[in-house]
Amino acid sequence: MSFVQIIDCKTSRIEDLNRLMDQWVEQTKGKRTATHSIVGKDRSDASHVVEIVEFPSYDVAMRNSQLPETDRIFREMVALCDEMPTFTDLDVVRDEALYKANARRLLDMLANEPELALLDEIIAEGYHDHDPTNEQDVIGMDAVRREVEMWRGGFDFAFTVDDQIAEGDRVCTRWTWRGTHTGDFMGIQPTGMDVSMTGTVIHRCRDDGKIVEGWWQYDLLGLMGQLGAVEA
C-alpha cells in the first residue's frame, strides 16, 4: 500500500525553506525513496506551508527517514519554522493516477518484458481475466503467462495507449495493437505480415495498485482477416 506524509509548518522564511528542500533532494540523490513531492502555500496565510511527500510504502518511508541527511535537514527545517512542524501519516486507499500508470505499464510489459515472472509486480495473485475470445476465463499468474507466451509465439508486437479513463478502482484503456506475424498463431503459419487491431480493456485495481481483474474487447476477427484466415 502506498504511503503519504504531510508536513505542516509555519515560517516567514519560505525561500530559505525551498533552498533547504533543494539541498535535501540533491544530497540524498540515489538514496531518497520518495516518488513524488509537492510544496504548497496557504492562500489565506502566507506563512503556512504544507509539503506532501509520497512513498511506495510506509516501510520505504521509514527507511528514508533514517538517512543521516534526512535527520540533518529536519533539524535545519525546524530552525526555519516559527513553531514545531506537525506530521500526518496516511495510507493511500485510492489513487487513480497509480491505477492508470499500472494499466499502461501492464500493456508495455505484455509486449516487452522478457522476464514474465515480473508481471506479479503489478498483477495480483489470483488475477481474473475475462476475454470473450477464450472459452474459459484466464485465472492466476500461470495462466496469464501461458496466454502471453501464445501471443508472443505468434507476433512481435507493441501496444499504443490511445485513451484512458479512471474512476474509483477501475481504469478503461483504449489501445491500438501492432505486430509482425513471426510465428504460428492459432494454426496459422507465419506470414511476416505487419498487422494491427484496436481494442479496450477495463482493469480493476486494489488499494496498492495491483490489478486483480480485467475485461478485454478487441477486433480478433479483423486480425484474422488480415492474416487471410477469414474472408475480408
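Basis of the calculations
- Residues numbered from 1 in each chain as written.
- Predicted model: local features only at pLDDT ≥ 70, side-chain atom pairs only at ≥ 80, totals over all residues.
- Heavy atoms only, no water.
- Salt bridge = Lys/Arg side-chain N within 4 Å of Asp/Glu carboxyl O.
- Helix = DSSP H or I, 4+ residues; strand = E, 2+ residues; numbered from the N terminus.
- Pairing = 2+ DSSP bridges.
- Axes fitted to C-alpha atoms, helices over the stretch in contact; angles between N-to-C directions.
- Disulfide = S-S within 2.5 Å.
- 1 Å grid on protein atoms, 1.4 Å probe; cavity = no way out; pocket = protein on both sides within 12 Å on 5 of 7 lines; lining within 4 Å.
- Points joined across faces, edges and corners; volume = space filled by probe spheres on them.
- Nonpolar A, V, L, I, M, F, W, Y, C, P; charged D, E, K, R; others polar.
- Contact = heavy atoms within 4.5 Å.

### Structural notes on the pattern of salt bridges
- Summed over all chains, the structure comprises nine salt bridges.
- Ionic pairing is found between D71 and R75, a salt bridge with its closest N-O pair at 2.3 Å. Of this pair, D71 and R75 both sit in helix 3 (residues 68-80), four residues apart, roughly one helical turn.
- Salt-bridge contacts for E76 lead to R72; the nearest nitrogen and oxygen are separated by 2.6 Å. Taken together, the positions of E76 and R72, both in helix 3 and four residues apart, correspond to about one turn of that helix.
- One network of salt bridges, in which partners are shared, links R13, D16 and R19.

### Some details on the sheet that holds strand 2 (residues 36-41)
- With antiparallel pairing, four strands are arranged side by side in an open sheet as 2-3-1-4. On the outer flanks of this sheet lie strand 2 and strand 4 (86-91), each paired with one strand and no other. For this sheet, the mean angle separating the axes of adjacent strands, direction not counted, is 15°.
- The pairing of strand 2 with strand 3 (residues 48-55) spans six bridges and is antiparallel. Within strand 3, the residue paired with G40 across the bridge is V50.

### Some points on the state of the cysteines
- Taken as a whole and judged by the stated rule, the model has zero disulfides.
- The closest cysteine sulfur to the non-disulfide-bonded C81 is located on C9, 3.9 Å from its own sulfur.
- Of all cysteine sulfurs in the structure, the one in C172 sits closest to C205, which takes part in no disulfide; the separation is 12 Å.

### Considering the layout of surface pockets
- Put simply, the largest pocket is a space of about 260 Å³.
- Surrounding the largest pocket, 17 residues form its lining, Q5, I7, W24, T70 and F87 being those nearest its centre.
- At the level of elements, strand 1 (3-10), helix 1 (14-27), strand 3, helix 2 (58-65) and helix 3 are the ones that each hand at least two residues to the lining of the largest pocket.
- It is helix 3 that contributes the most residues to the lining of the largest pocket, five residues altogether.
- For the lining of the largest pocket, the per-class residue count stands at eleven nonpolar, four polar and two charged.
- Ranked by the residues each element gives to the lining of the second largest pocket, the list is headed by helix 4 (residues 96-112), at three residues.
- The class makeup of the residues in the lining of the second largest pocket is six nonpolar, two polar and three charged.

### Let's talk about the sheet that holds strand 6 (residues 138-139)
- Taken together, six strands build an open sheet; the order of strands is 6-5-10-9-8-7 and the sheet is mixed. At either end of the open sheet lies a strand with only one pairing partner, and these are strand 6 and strand 7 (155-167).
- Examined bridge by bridge, strand 9 (residues 194-205) and strand 10 (residues 211-218) share seven bridges and lie antiparallel to one another. Residue pairing in the sheet places H203 in a bridge with G214 of strand 10.
- The strands touched by helix 4 within the sheet are strand 5 (123-130), strand 7, strand 8 (170-181), strand 9 and strand 10, with strand 7 carrying the most contacts at an inclination of about 170°.
- Sheet strands in contact with helix 5 (residues 141-154) are strand 5, strand 6, strand 7, strand 8, strand 9 and strand 10, and its direction is about 125° off that of strand 7.

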